[in-house]
Amino acid sequence: VDPLFVIDLSNPANPKVLGELKIPGYSDYLHPYDETHLIGIGKDTTADSGWALYQGVKIALFDVSDPENPVEISKYVIGRRGTESYALQDHRAFLFSRSRNLLAIPVGDYYTQAAYVFHISPEKGLILRGTITHGKHSVKRTLYVDDVIYTVSDKLVKMNDLESLNEIGTIT
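Residues numbered from 1 in each chain as written. Predicted model: local features only at pLDDT ≥ 70, side-chain atom pairs only at ≥ 80, totals over all residues. Heavy atoms only, no water.

Secondary structure summary: the protein chain contains 0 helices and 14 strands in total. Reading the protein chain from its N end, one meets helices and strands in the order β-β-β-β-β-β-β-β-β-β-β-β-β-β. In terms of overall size, the protein chain behaves like a compact globule, its C-alpha atoms giving a radius of gyration of 17 Å where 172 residues would be expected to give roughly 16 Å. Projected onto its principal axes, the C-alpha positions of the protein chain cover 55 × 40 × 30 Å. (Helix = DSSP H or I, 4+ residues; strand = E, 2+ residues; numbered from the N terminus. Rg over C-alpha atoms; globule rule 2.2 N^0.38 Å.)

The next thing to look at is the nonpolar core. If you look at the biggest cluster of nonpolar residues, it comprises 21 residues, and the most contacted ones within it are Ile39, Ile59, Phe94, Leu103, Ile105 and Ile120. Of all the elements in the fold, those that place two or more residues in this core are strand S3 (26-34), strand S4 (37-48), strand S5 (51-63), strand S8 (102-108) and strand S9 (113-121). Tallying contributions element by element places S9 first for this core, with 4 residues. The residues touching isoleucine 120, leaving out its near neighbours within four places in the chain, are Tyr33, Ile39, Leu61, Phe96, Asn101, Leu102, Leu103, Gly125 and Leu126. One finds Leu95, Ala104, Val139 and Leu162 within the second-largest nonpolar core, a separate group that totals 10 residues. (Core = buried A, V, L, I, M, F, W, Y, C linked by side-chain atoms within 4.5 Å. Buried < 20%, exposed > 50% of the residue type's maximum accessible area, 1.4 Å probe, protein only. Contact = heavy atoms within 4.5 Å.)

A few words now on the pairing of strand S10 (residues 125-133). For S9 and S10, the ladder comprises 8 bridges, and the chain directions are antiparallel. The partner of alanine 115 across the bridge, within S10, is isoleucine 132. A loop of 3 residues connects S9 with S10, the two strands running antiparallel in sequence. (Pairing = 2+ DSSP bridges.)

Before going further, it helps to examine the pattern of salt bridges. Opposite charge on two side chains permits them to pair, given that their charged atoms come into close proximity. Summed over the entire model, instances satisfying the criterion amount to 8 salt bridges. Across the salt bridge formed by glutamate 20 and lysine 22, the nearest N and O atoms sit 3.8 Å from each other. The class for lysine 22 is exposed, based on a relative accessible area of 59%. (Salt bridge = Lys/Arg side-chain N within 4 Å of Asp/Glu carboxyl O.)

Strands sit in the order S7-S8-S9-S10 across an open sheet of 4 strands; the sheet is antiparallel. Each having just a single partner strand, strand S7 (95-97) and S10 make up the two edges of the open sheet. Between one strand and the next, the sheet's axes are offset by a mean angle of 20°, whatever the strand orientation. (Axes fitted to C-alpha atoms, helices over the stretch in contact; angles between N-to-C directions.)

There is a patch of nonpolar side chains on the surface, built from Phe5, Ile7, Leu9 and Val17 and spanning about 400 Å² of accessible area. Of note, leucine 9 is situated in the loop between strand S1 (4-8) and strand S2 (16-21). (Patch = residues over 30% accessible without salt bridge, like charges linked within 9 Å, V, L, I, M, F, W, Y side chains within 5 Å. Areas by Shrake-Rupley, 256 points an atom, 1.4 Å probe, with all protein chains shown as cover.)

Turning our eyes to something else, we now look at the side chain of glutamine 55. Here glutamine 55 lies in strand S5. Polar contacts involving the side chain of glutamine 55 include one to the main-chain carbonyl oxygen of leucine 53, which spans 3.4 Å. For glutamine 55, the contacting residues outside a window of four places in its chain are Lys43, Asp44, Thr45, Thr46, Arg80, Arg81 and Thr83. (Polar contact = N/O pair within 3.5 Å; in protein donor to acceptor, adjacent residues only side chain to side chain.)

Here we have 4 strands laid out as an open sheet, ordered S3-S4-S5-S6, and antiparallel in their pairing. Here the strands that pair on one side only, and so sit at the sheet edges, are S3 and strand S6 (71-78). Between one strand and the next, the sheet's axes are offset by a mean angle of 35°, whatever the strand orientation. Bridge analysis of S3 against S4 gives 7 bridges, and the strand direction is antiparallel. Paired with proline 32 across the bridge in S4 is leucine 38.

On to the packing of aromatic side chains, then. Within the structure shown, the criterion is met by 5 aromatic pairs. Judged by centre distance (5.2 Å) and plane angle (75°), the rings of tyrosine 29 and phenylalanine 94 are edge-to-face. Linking tyrosine 29 in strand S3 with phenylalanine 94 in the loop between S6 and S7, this pair joins segments that are 65 residues apart in sequence. Against the face of tyrosine 86 rests lysine 140, its NZ or CZ located 5.2 Å from the ring centre. (Phe/Tyr/Trp six-rings, centres within 6.5 Å; stacked < 30°, edge-to-face > 60°. Lys NZ or Arg CZ within 6 Å of the ring centre and 35° of its normal.)

Structure below.
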């Protein structure tokens, strides 16, 4: 359990913990969604005989509008033990656009690597829209220009329609 703490830093010499949320798992990276919501990317965990076992990649949306009572309003767990995300090591692998309700992160396991593309909003939470696979090549970056989403690995650049996620083209 890795609590999410809400801390008042209005007086930097005297920070105060206003609230905390204890839930399974942890976030390696927190990103603001808006003034009262945070996106967390990390790992899900389970307890086994007093040990915490890392599981799949966990994406969470937190509501901190009530600082004394933060809430996890949506979560999505991808894979199981052995599943990793390049975004856990490098925040530039994380793609977020609030105006498009778009979140994309690279996730992979021993067999396949992909960009997971989500609809994200406080009203609807996290909804998987689809994946863009790169086989065994680790996706390092995801970006969009106009209505095309680009996924980049060491061997491929894929272009997909941002709305339908249908493939437009691939460059090796």
